[in-house]
Amino acid sequence: MTSVADLHDQAMDLADQAFFVLREGHVDRAKELHHQALNLELQAADQLREDLSAEPTRSILFRSASSLAIEVGDFPLADRLAITGLAGNPPPELSDDLHDLLTESGFQKKLLQQKVALQPG
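Our subject in this report is the structure included herewith. The numbering scheme is per chain: residues are counted from 1 as the chain's sequence reads. Totals for whole chains, interfaces and linings use every residue, but because this is a predicted model, local features are given only for residues with pLDDT of at least 70 and side-chain atom pairs only at 80 or more, for both listing and counting. Side-chain calculation: all heavy atoms of the structure are included, whereas hydrogens and water are not.

1. A short note on the packing of aromatic side chains
For Phe, Tyr and Trp, rings pair up if their centres lie within 6.5 Å, where Trp contributes its six-membered ring, and each pair is then called stacked (planes under 30 degrees apart), edge-to-face (over 60) or tilted (otherwise). Applying the stated rule across the entire model yields one aromatic pair. An angle of 75° between the planes, with centres 5.2 Å apart, marks the rings of phenylalanine 19 and phenylalanine 20 as edge-to-face. Working definition: with a 1.4 Å probe on protein chains only, accessible area under 20% of the residue-type maximum means buried, over 50% means exposed, and in between means partly exposed. Classification of phenylalanine 19 by relative accessible area gives partly exposed; the value is 46%. Phenylalanine 20 gets classed as partly exposed once you look at its relative accessible area, which sits at 48%.

Set out below in structure tokens:
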């Protein structure tokens, strides 16, 4: 089994690549890289899901995974991940970040709903 740190490092490398690819205008490739990063970060977070003594690492992983889920547009997953992070014992700053991700996810869902509603049918 790959270590939590290795999975997280690989995920962050992919997320960084996605950022640079997106800046070059390659939206589809960036989305692929974000999906790959999310899958790795989910694996890392799952290894610590039940280990509430692994703070702050546990909440950092769930924060990161939630953020990546927002990047790929999977808002229900982003919400579940943020809530799972909050269900541990995150330090106050990370707790604030996780709450912010829930707000961001809700905001992005609203924007998407409005966009769909405004499109001619």
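2. Some thoughts on the pattern of salt bridges
The salt bridge criterion pairs a side-chain nitrogen of Lys or Arg with a carboxyl oxygen of Asp or Glu, the two atoms within 4 Å. Following the criterion strictly, the structure yields five salt bridges and no others. Residues arginine 29 and glutamate 32 are paired through a salt bridge, measuring 3.1 Å at the closest nitrogen-oxygen approach. Of the two residues, arginine 29 and glutamate 32 are both situated in helix H2 (residues 27–48); the distance of three residues between them amounts to about one turn of the helix. The exposure class assigned to glutamate 32 is partly exposed, which follows from its relative accessible area of 41%. A salt bridge links aspartate 46 to arginine 49, with the nearest nitrogen and oxygen atoms 2.6 Å apart. The class of arginine 49 is partly exposed, set by a relative accessible area of 29%. Numbering of helices and strands starts at the N terminus; helices are DSSP runs of H or I of at least 4 residues and strands are runs of E of at least 2.

3. Thoughts on unusual backbone geometry
Note: most residues except glycine have negative phi, and most peptide bonds are trans. Geometrically, the link from glutamate 55 to proline 56 is a cis peptide bond, its omega value of 10° lying close to zero. Secondary-structure assignment places proline 56 in the loop between H2 and helix H3 (57–71).

4. Looking at the environment of proline 91
Structurally, proline 91 is set in the loop between helix H4 (75–86) and helix H5 (92–118). If we skip the residues at most four places from it in the chain, proline 91 touches Glu55, Pro56 and Ser59. Any two residues whose heavy atoms approach within 4.5 Å at even a single point are treated as in contact.

5. Thoughts on the packing of helix H1 (residues 4–23) against H3
Viewed as axis vectors pointing N to C, H1 and H3 meet at an angle of 30°, and their least axial separation amounts to 12 Å. Relative to H3, H1 is oriented roughly parallel. Crossing handedness for the pair H1 and H3: left-handed. Mapping the contact onto sequence places Val4, His8, Met12 and Ala15 in H1 and Leu61, Ser64 and Leu68 in H3. Residues belonging to the contact of H1 with H3 are distributed by class as follows: five nonpolar, two polar and no charged. Think of each axis as a best-fit line through the C-alpha atoms, taken over the contacting stretch in the case of a helix, with angles from 0 to 180 degrees between the N-to-C directions. An angle below 35 degrees is read as roughly parallel, one above 145 as roughly antiparallel, one from 65 to 115 as roughly perpendicular, and any other as oblique. In this scheme the handedness of a crossing depends on how the near helix is turned from the far one: anticlockwise by less than a right angle means left-handed, clockwise means right-handed. For this scheme, ten residues count as nonpolar: Ala, Val, Leu, Ile, Met, Phe, Trp, Tyr, Cys and Pro. Four count as charged, namely Asp, Glu, Lys and Arg, and the remainder, Gly too, count as polar.

6. Examining H1
Take the number of residues in a helix, subtract one, and multiply by 1.5 Å to get its expected span. Relative to the 28 Å expected for 20 residues at 1.5 Å per residue, H1 spans 29 Å between its end C-alpha atoms, a close match to the ideal helical length. Taken together, the buried positions of H1 are Val4, Leu7, His8, Ala11, Leu14, Ala15, Ala18 and Val21. Along the axis of H1, the buried residues cluster in a sector spanning 145°; they form a single face. Check the buried side of H1 and you find it contacts H2 and H3. Positive backbone phi, approximately 90°, marks glycine 25, located one or two places after H1. Think of the arc as the fan of directions from the helix axis to the C-beta atoms.

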